[in-house]
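# Secondary and tertiary structure notes
Each chain is listed here by its residues.
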Amino acid sequence: MTDIIDGNAVAAEVRDGLSGAIDTLDDAGVTPTLATVLMSDDPASQTYVSMKQQDCEEVGIEALDVEIDPDAPAEELFDTVADLNADPDVNGILVQMPVPDHIEDRDVIRAIDPAKDVDGFHPENVGRLVAGDPVYKPCTPHGVLKLLDAADVETEGADVTVVGRSNIVGKPLANLLIQKADYGNATVTVCHSRTDDLAEKTRRADVVIAAVGVPELVDGSMIADGTVVIDVGVNRVERDGESTLVGDVDFESAKAKASAITPVPGGVGPMTRAMLLYNTVKAASRQADVPVDL
Ligand code: NDP
């Protein structure tokens, strides 16, 4: 029997686990606050931001909604970020990416105070993660580690193949998995679009994690029996005349061989959202100097 790893259930546990910390902060007069900055007309970006705000409100985090006209000059975004950096009531800042073409994503990431960088993308936070001393683990990789834990997957000594080397998923995930830490100590192979014979790398893995952005790239023929398969991908495709979501893994053929697998939707996606809440609570605790149990 293949274990279907239920990301909604694990995410609910993470969210429930934050309530004690939020109560402790509340007793100290601190309401964790996340500022979301949206500078886009893209409906998907708008939906992501409103979901994040709703998540915050549900657990008792205040969501500060900042919207900037996508045609506004870059200074307006940088001035906004500077104001949020300076605002003692704001604990976390999330600028929804991508920003308009006249602004570089990386300049925005560098403008955010690392102490409020709850995405964990600022070079200081990336450096700390690589050095084995992370403050804010990026939400998707952190969510994947929590899923592996919840599914009782032992990473120590395991061969893990990560397909994808982006700065937001593949690279930080690979770095976390090789650390001398819980859910680390794995031997990691990182694959990308120039990898020769991808199937050979996925077939020899105990755990395959796909973060590619190519619908159903990894199928059952590419994994060994008993593999744990984590599908980060979210791709909208047309099937039988209808728009539907699929991952980077061909679920049915992979499930036939996997010992455990995440579905799309309902796998990694809810974990990414939950870990943003986790990082925001952590940011509030650090900034207010109120220790909490996380
Ligand atoms: P990027 O496009 O930034 O990176 C994709 C990576 O996949 C790149 O490293 C690329 O290689 C590699 N790649 C592309 N094609 C192939 C191929 N044929 N074989 C092997 N490697 C390949 O994507 P992201 O990391 O941002 O996102 C990956 C997926 O995860 C997307 O579907 C995205 O929607 C989803 N996602 C889901 C989240 C969630 O919460 N569930 C959160 C974030 C992302 P190269 O570097 O050589 O170009």
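Looking at an unreviewed UniProt entry, one finds the chain named Bifunctional protein FolD, with Haloplanus rubicundus as its source organism. Recorded in UniProt under Function (unreviewed entry), the annotation for the chain is "Catalyzes the oxidation of 5,10-methylenetetrahydrofolate to 5,10-methenyltetrahydrofolate and then the hydrolysis of 5,10-methenyltetrahydrofolate to 10-formyltetrahydrofolate."

### So, the UniProt feature "domain: Tetrahydrofolate dehydrogenase/cyclohydrolase NAD(P)-binding" (unreviewed entry) in the chain
Using the residue numbers shown here, the UniProt feature "domain: Tetrahydrofolate dehydrogenase/cyclohydrolase NAD(P)-binding" (unreviewed entry) corresponds to residues 138-287. Here residues 138-287 runs as 34% helix and 20% strand, with 19 Å between its end C-alpha atoms.

### Topic: the domain arrangement of the chain
Its domain assignment divides the chain into domain 1 (22-122 + 271-285) and domain 2 (139-268). Here the C-alpha centroids of domain 1 and domain 2 sit 27 Å apart. The partner domain 2 presents 9 residues to the 8 residues of domain 1 that form the contact. Across the side of domain 1 that touches domain 2, the residue classes break down as 5 nonpolar, 2 polar and 1 charged.

### A closer look at the site of the ligand
The ligand sits among 27 residues. The nearest are Ser-166, His-192, Ser-193, Gly-213 and Thr-272. It is helix α11 (residues 268-288) that contributes the most residues to the shell around the ligand, 3 residues altogether. Per-class residue counts for the shell around the ligand are 12 nonpolar, 12 polar and 3 charged.

### Quick look at the nonpolar core
Counting residues in hydrophobic clusters, the biggest one holds 82 residues, and the most contacted among them are Ile-93, Val-144, Val-162, Ile-209, Ala-210, Val-229 and Ile-230. Sorting elements by how many residues they give to this core places α11 first, with 10 residues. Structurally, this core is a two-domain feature, drawing no fewer than three residues from each of domain 1 (22-122 + 271-285) and domain 2 (139-268). Excluding its chain neighbours within four sequence positions, the residues that come into contact with Val-229 are Val-208, Ile-223, Val-249, Ala-254, Ala-258 and Ile-261.

### What about helix α8 (residues 170-177)?
Owing to its 3.6 residues per turn, the α-helix brings residues three or four apart onto one side. Among the 8 residues in α8, 8 count as buried, and that is most of the element. Of the residues making up α8, those classed as buried are Gly-170, Lys-171, Pro-172, Leu-173, Ala-174, Asn-175, Leu-176 and Leu-177.

### Here's the deal with the pairing of strand β2 (residues 33-38)
Counted residue by residue, β2 has 6 buried out of 6 residues, so it is predominantly covered. Neither face of β2 is left uncovered, since the one carrying Thr-33, Ala-35 and Val-37 and the one carrying Leu-34, Thr-36 and Leu-38 both have all their residues buried. Where β2 and strand β3 (residues 62-67) come together, 6 bridges link them in parallel fashion. Across the sheet, residue Val-37 finds its bridge partner in β3, namely Val-66. With helix α3 (residues 43-59) bridging β2 and the parallel β3, this β-α-β connection has right-handed handedness. Here β2 pairs with strand β4 (residues 92-95) via 4 bridges, running parallel. When the sheet's bridge partners are listed, Leu-34 is paired in β4 with Gly-92.

About the thresholds
Residues numbered from 1 in each chain as written. Predicted model: local features only at pLDDT ≥ 70, side-chain atom pairs only at ≥ 80, totals over all residues. UniProt positions renumbered as here; feature names shortened; annotations may be inferred. Helix = DSSP H or I, 4+ residues; strand = E, 2+ residues; numbered from the N terminus. Domains from an automatic or database assignment. Contact = placed C-beta atoms within 7 Å. Nonpolar A, V, L, I, M, F, W, Y, C, P; charged D, E, K, R; others polar. Near = placed C-beta within 6 Å. Core = buried A, V, L, I, M, F, W, Y, C linked by C-beta atoms within 7 Å. Buried ≥ 20, exposed ≤ 12 C-beta atoms within 10 Å, placed from the backbone. Pairing = 2+ DSSP bridges. Right-handed = clockwise from strand over helix to strand, strands pointing away.

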